[in-house]
Amino acid sequence: MVTQSDYDASVYALYLLAYYPDITNYIVAGFAPLLRNYYINYIGNAGVCDYLIIFGDVLVGSFHTDKNLAITFYGLYGNLPDGKVTVADDFITNTFKDTLSLYVSVQIANVFRCTPIIVIMPLVLALLAWCAMNVIKSGWGRSYATCLKVDGACLTVSAFITAMALFISGYFVSTNLLNVLPLIIVSSILFVRTVILIIYEYCYNKKNSAIPISSKTK
């Protein structure tokens, strides 16, 4: 037995799919899109880059800085006397303050999301170095623990370089890219250092093996 409410919801879903044929591109849950998603999709299709959308208790906007850097922001607001905004700048600033706890939670979640990768990366690179050292018959590199210590010793330097790079790139790149940039930078530094270490050890062993034994004993 189909209830009246289920029937009405199904009819409304058919109406949406018939009237908005591309609605399936941004429906993430339920039969109808969120109002926010609908307007953002509508603005995106219209080619609008700078906008401010205000809903019942949230707002979302996008603008370009004087350096043409795209900034997208989201905020919560409330406690408006008579629902009026007297100073637009204070209104937008307060939305960021009210959303501070949300931003902090997201950043903490990002830290926990990045931690497993940062832990696994040295283990994988140490395994790569250990295999390479055994192939080139390196003296000290045949121990996996030693390779792990050598790779791990670079983590502090990698973290410092990453922090400086993020501070500088924060003025030039988008927020979405900043969320994944630490992993890219740290992984790249560790990988490049491991490759350089392997190449150096290979060249060192090759040079020593080319020296006659009699010359080494003189």
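Everything discussed here concerns the structure shown above.
All values reported here derive from a predicted model rather than from experimental measurement. (Residues numbered from 1 in each chain as written. Predicted model: local features only at pLDDT ≥ 70, side-chain atom pairs only at ≥ 80, totals over all residues. Heavy atoms only, no water.)

(A) Local environment of the overall build of the protein chain. Along the backbone of the protein chain there are eight helices and three strands. Ordered by position from N to C terminus, the α and β elements of the protein chain give α-α-β-β-β-α-α-α-α-α-α. Looking at the protein chain residue by residue over its 218 residues, the buried ones come to 23%. At a minimum sequence separation of 6, the contacts of the protein chain that also span at least 24 residues come to 37%. Accessible surface for the protein chain amounts to roughly 15,100 Å². Of this, 68% is attributable to carbon and sulfur atoms. (Helix = DSSP H or I, 4+ residues; strand = E, 2+ residues; numbered from the N terminus. Buried < 20%, exposed > 50% of the residue type's maximum accessible area, 1.4 Å probe, protein only. Contact = heavy atoms within 4.5 Å. Areas by Shrake-Rupley, 256 points an atom, 1.4 Å probe, with all protein chains shown as cover.)

(B) Looking closely at the packing of aromatic side chains. Within this structure, the stated rule accounts for one aromatic pair. Between Y200 and Y204 the ring centres are 6.3 Å apart and the planes differ by 20°, which places this aromatic pair in the stacked class. On the criterion of helical spacing, the pair formed by Y200 and Y204 is a turn pair, its members being four residues apart in helix α7 (residues 175-209). Since its relative accessible area comes to 54%, Y200 is described here as exposed. The class for Y204 is partly exposed, based on a relative accessible area of 41%. (Phe/Tyr/Trp six-rings, centres within 6.5 Å; stacked < 30°, edge-to-face > 60°.)

(C) Up close: the nonpolar core. In terms of nonpolar packing, the biggest core is built from eight residues, these being A126, A129, A132, M133, I136, C147, L197 and I198. Elements that contribute at least two residues to this core include exactly α4 (100-135) and α7. Tallying contributions element by element places α4 first for this core, with four residues. M133 has contacts with S138, W140, G141, R142, C147, L197, I198 and E201, leaving out every residue within four places of it along the chain. (Core = buried A, V, L, I, M, F, W, Y, C linked by side-chain atoms within 4.5 Å.)

(D) Looking closely at the sheet that holds strand β1 (residues 51-54). A sheet is described by the order of its strands in space; here three strands give the open sequence β1-β2-β3, paired in antiparallel fashion. Where the open sheet ends on each side, the last strands, each with one partner, are β1 and β3 (70-76). Each adjacent strand pair in this sheet contributes to an overall mean axis angle of 10°, direction not counted. Both strand β2 (residues 58-64) and β3 contribute to a ladder of seven bridges, which runs antiparallel. By the bridge assignment, L59 is partnered in β3 with G75. Seen against the sheet, helix α3 (residues 88-98) touches β1, β2 and β3 and runs at an angle of roughly 70° to β3. (Pairing = 2+ DSSP bridges. Axes fitted to C-alpha atoms, helices over the stretch in contact; angles between N-to-C directions.)

(E) Spotlight on the packing of α3 against α4. Running from N to C, α3 and α4 cross one another at 45°; their axes reach a closest spacing of 4 Å. The angle between α3 and α4 falls in the class oblique. Of α4, the residues touching α3 (which contributes F96, K97 and D98) are L100, S101 and Y103. Grouping the constituent residues of the contact of α3 with α4 by class yields three nonpolar, one polar and two charged. (Parallel < 35°, antiparallel > 145°, perpendicular 65-115°, else oblique. Nonpolar A, V, L, I, M, F, W, Y, C, P; charged D, E, K, R; others polar.)

The values are spatial; any link to function lies outside them.
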